[in-house]
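Coordinate analysis (summary)
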Amino acid sequence: MSAVSTPHVTPTPARRDAEATKAAILKAARHLLARHAHADITLKAVADRAGVSPPLILKYFGNKDTLFARVMSFETDADALLAAPLDGLGPHMVRHVLLSQSEQGADPLLRIVFAPLHGEQGDILRANFRSQVTDRLTARLTGPDAGLRAELAVATLLGLGVMYGIARGTEVRATAIDTLVDRYAPAVQAHLSP
């Protein structure tokens, strides 16, 4: 009796595909929230922009409120942005912003620039940004004016993100990331140092 042989099939990397799909959904929702009021955004609009079906959004996020709670959170982004010792944090932050822009087309901080100027969602986004980014950075700094220095360091990063990602400065985008880090990181690090 011969055994039935089945062809070897390499399993698809479902986890990576799921993560890529979730990232696309979040990116689409961020894009729409920057341009429309939360109440005016439908799951169908998010799904269309992300290239997925609305039920897939429900599968990954549960409902619209849960999705937008994630969109308005900076927690994961701040974890990556602040993941370096204080004496090398400036270069790390600059590199992180530039790599996020060049490799993923998204800046971990830049969505605060598009925060709705009015309404509850704008208030939530700003409050999250303060508590999850600038307050966390402030807590790591020593010396006088830590809060001011944290806000100035973040403002410096936002300026770079705007020039690289929104204004698409031709010289900045044509320059190697290592060169940009070497030139720009000292300005950020200066705010981090007492």
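Residues numbered from 1 in each chain as written. Predicted model: local features only at pLDDT ≥ 70, side-chain atom pairs only at ≥ 80, totals over all residues. Heavy atoms only, no water.

From N to C terminus, the chain includes 10 helices and 0 strands. When the helices and strands of the chain are listed from N to C terminus, the series reads α-α-α-α-α-α-α-α-α-α. Relative to its 194 residues, the chain shows a buried fraction of 39%. For the chain, contacts bridging at least 24 residues in sequence account for 66% of all contacts bridging at least 6. Total accessible area on the chain is roughly 10900 Å²; 57% of this is exposed by carbon and sulfur atoms. (Helix = DSSP H or I, 4+ residues; strand = E, 2+ residues; numbered from the N terminus. Buried < 20%, exposed > 50% of the residue type's maximum accessible area, 1.4 Å probe, protein only. Contact = heavy atoms within 4.5 Å. Areas by Shrake-Rupley, 256 points an atom, 1.4 Å probe, with all protein chains shown as cover.)

Inspection of every chain in the model, using the stated rule, returns 1 aromatic pair. Taken together, a centroid distance of 5.1 Å and an interplanar angle of 80° make the contact between phenylalanine 74 and phenylalanine 129 edge-to-face. In this pair, phenylalanine 74 is assigned in the loop between α4 (64–71) and α5 (75–81) and phenylalanine 129 in helix α7 (residues 120–140), connecting sequence segments 55 residues apart. Here phenylalanine 74 falls in the buried class, since its relative accessible area comes to 0%. Overall, the relative accessible area of 8% leaves phenylalanine 129 in the buried class. A cation over an aromatic ring shows up here: arginine 173 above the ring of tyrosine 164, its NZ or CZ 4.6 Å from the ring centre. (Phe/Tyr/Trp six-rings, centres within 6.5 Å; stacked < 30°, edge-to-face > 60°. Lys NZ or Arg CZ within 6 Å of the ring centre and 35° of its normal.)

This part takes up the environment of alanine 139. Structurally, alanine 139 is set in helix α7. On the accessibility criterion, alanine 139 (64% relative accessible area) is exposed. When the C-alpha atoms of alanine 139 and alanine 150 are compared, they prove to be 9.0 Å apart, with 11 residues separating the residues in sequence.

Chain-level statistics for the chain give a pLDDT mean of 85 and a share of 86% at 70 or above. Summarising per-element confidence for the chain, the mean pLDDT is lowest in helix α1 (residues 14–35) (79) and highest in helix α10 (residues 177–192) (97). Low confidence marks residues 1–13, where pLDDT is under 50. Its contacts with residues over four positions away, or in another chain, come to 0 contacts. (pLDDT = per-residue confidence, 0-100.)

Here we take up the pattern of salt bridges. As enumerated under the stated definition, the model contains 6 salt bridges in all. Glutamate 75 is paired through a salt bridge with arginine 136; the nearest N and O atoms lie 3.2 Å apart. Taken as a pair, glutamate 75 in helix α5 and arginine 136 in helix α7 lie far apart in primary sequence, 61 residues in all. When its relative accessible area of 34% is taken as the criterion, glutamate 75 is described as partly exposed. Residue classification places arginine 136 among the partly exposed positions, given a relative accessible area of 28%. With a closest N to O distance of 3.0 Å, aspartate 123 and arginine 126 form a salt bridge. Of this pair, aspartate 123 and arginine 126 both sit in helix α7, 3 residues apart, which is roughly one turn of the helix. On the basis of relative accessible area, arginine 126 is assigned to the partly exposed category, the value being 25%. One network of salt bridges, with partners in common, ties together Glu75, Asp79 and Arg136. (Salt bridge = Lys/Arg side-chain N within 4 Å of Asp/Glu carboxyl O.)

For the rest of this paragraph, the subject is unusual backbone geometry. The phi dihedral of aspartate 145 falls on the positive side, at around 55°, and the residue is not glycine. Along the polypeptide, aspartate 145 turns up in the loop between α7 and α8 (146–166). Even without being a glycine, arginine 168 presents a positive backbone phi close to 50°. Relative to the elements of secondary structure, arginine 168 occurs in the loop between α8 and α9 (170–174).

With their axes 7 Å apart at the nearest point, helix α6 (residues 89–104) and α10 run at an angle of 135° to one another. Between α6 and α10, the crossing angle belongs to the class labelled oblique. Handedness of the α6/α10 crossing: right-handed. Between α6 and α10, the residues in contact are Leu89, Gly90, Pro91, Met93, Val94, Arg95, Leu98, Leu99 and Ser102 and Ile177, Asp178, Leu180, Val181, Tyr184, Ala185, Val188, Gln189 and Leu192, respectively. (Axes fitted to C-alpha atoms, helices over the stretch in contact; angles between N-to-C directions. Parallel < 35°, antiparallel > 145°, perpendicular 65-115°, else oblique. Left-handed = near helix turned anticlockwise from the far one by under 90°.)

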